[in-house]
Amino acid sequence: MRPGRLRSLALRYGPLGLCAAVLVWHSAQFGFVTDDAFISFVYSRNFAEHGELSFNLGDPVEGYTNFLWTLLLGVGMFLGLAPEPTSLVLGNAFAIGTLYVAFRLVELVTRRGSPWAYLPPALLALSSGFACWSSGGLETQLFTVLCTAAIYCYVRGDGRDPDGTPNGDGRWLGRAGALLALAAMTRPEGLIVAAVIAVHRVGIAVARDRRAPFSPHELRAAASFLALWAPWFAWRWWYYGWPFPNTYYVKAA
């Protein structure tokens with residue numbers, strides 16, 4: 001790599017690397033695994049050792065609300081990785097991913113090289129709540145990076161010049177749909193994020209007075225979402241016998 005190119009990369013990503021280092025240090029000040037995480041750990045262990053996503057073997061009850069996180073830790077346990085340190089490493093890794101995506105998102109709506117792009121990563125690295133739940137052992141940062149990446153793809157898929165001329169790549173909308181599905185499979189609130197983006201998209205269509213209700217790229221985004229989320233939801237209902245997690249019925253009652 002040419003020295004000029006290396007210097008350019010260092011100037012561009014150096015501050016971002018500093019934010020990541022501050023975040024890891026900040027997260028280490030908390031460095032805990034919450035007791036709620038051990039519910040997922042039991043499900044992950046039974047999945048890794050017995051092929052069952054259940055707390056008590058032979059009695060499948062959906063007592064967790066973080067499917068992808070539980071599955072991910074289960075794969076790690078199958079490979080011999082203990083869930084406690086694995087959850088901490090993954091939590092910090094996904095949190096750093098959020099810093100990067102937030103950086104790119106601000107660049108997207110301002111301009112490449114804008115100093116404002118470093119503000120969100122810096123604020124997140126200094127946020128006690130964000131740093132705390134970079135540890136904790138739960139799915140918070142996986143959900144966060146998926147939602148942030150989905151918003152980035154959504155914005156990139158519908159870029160506009162100041163005069164309203166389209167300059168985005170509509171194919172990114174399909175990626176946004178897939179990421180939103182993964183977010184909804186990580187936490188139930190992912191459906192709310194997807195719904196808000198869908199309502200925003202309908203509002204844009206109305207504001208632009210489009211004759212066709214949906215563009216091919218928007219239909220691809222919806223198809224990408226449903227292709228991942230719908231089979232998973234159907235499997236959940238079949239496997240556990242209920243459309244919602246057990247925690248919903250307990251807390252609603």
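These numbers were taken from a predicted model, which means no experiment stands behind them.

Let's talk about the side chain of Thr 186
Next, step 1: Its place among the elements puts Thr 186 in helix 8 (residues 171-186).
Next, step 2: In this structure the side chain of Thr 186 is engaged in a polar contact, spanning 2.8 Å, whose partner is the backbone oxygen of Leu 182.

Structural notes on a nonpolar patch on the surface
Next, step 1: A contiguous nonpolar patch, built from Val 75, Phe 78, Leu 79 and Leu 81 and spanning about 440 Å² of accessible area, is present on the exposed surface.
Next, step 2: Tracing the chain through its elements places Leu 79 in the loop between helix 3 (67-78) and helix 4 (83-109).

What about the packing of helix 8 against helix 10 (residues 216-240)?
Next, step 1: For the pair helix 8 and helix 10, the least separation of the axes is 7 Å and the interaxial angle reads 25°. Viewed along their axes, helix 8 and helix 10 adopt a mutual orientation that is roughly parallel. Note on packing geometry: the crossing formed by helix 8 with helix 10 is right-handed. Counted together, Arg 171, Leu 173, Gly 174, Gly 177, Ala 178, Leu 180, Ala 181, Leu 182, Ala 184 and Met 185 of helix 8 and His 217, Glu 218, Arg 220, Ala 221, Ser 224, Phe 225, Leu 228, Trp 229 and Trp 232 of helix 10 form the full contact between these two elements.

Regarding helix 8
Next, step 1: The terminal C-alpha atoms of helix 8, which comprises 16 residues, lie 24 Å apart, in line with the 22 Å expected from a rise of 1.5 Å per residue.
Next, step 2: Burial analysis of helix 8 places 12 of its 16 residues in the buried class, the great majority of the element.
Next, step 3: Where the residues of helix 8 are buried, they touch helix 3, helix 7 (140-157), helix 9 (190-207) and helix 10.

The rules behind these values
Residues numbered from 1 in each chain as written. Predicted model: local features only at pLDDT ≥ 70, side-chain atom pairs only at ≥ 80, totals over all residues. Heavy atoms only, no water. Helix = DSSP H or I, 4+ residues; strand = E, 2+ residues; numbered from the N terminus. Polar contact = N/O pair within 3.5 Å; in protein donor to acceptor, adjacent residues only side chain to side chain. Patch = residues over 30% accessible without salt bridge, like charges linked within 9 Å, V, L, I, M, F, W, Y side chains within 5 Å. Areas by Shrake-Rupley, 256 points an atom, 1.4 Å probe, with all protein chains shown as cover. Salt bridge = Lys/Arg side-chain N within 4 Å of Asp/Glu carboxyl O. Axes fitted to C-alpha atoms, helices over the stretch in contact; angles between N-to-C directions. Parallel < 35°, antiparallel > 145°, perpendicular 65-115°, else oblique. Left-handed = near helix turned anticlockwise from the far one by under 90°. Contact = heavy atoms within 4.5 Å. Expected span 1.5 Å × (residues − 1). Buried < 20%, exposed > 50% of the residue type's maximum accessible area, 1.4 Å probe, protein only.

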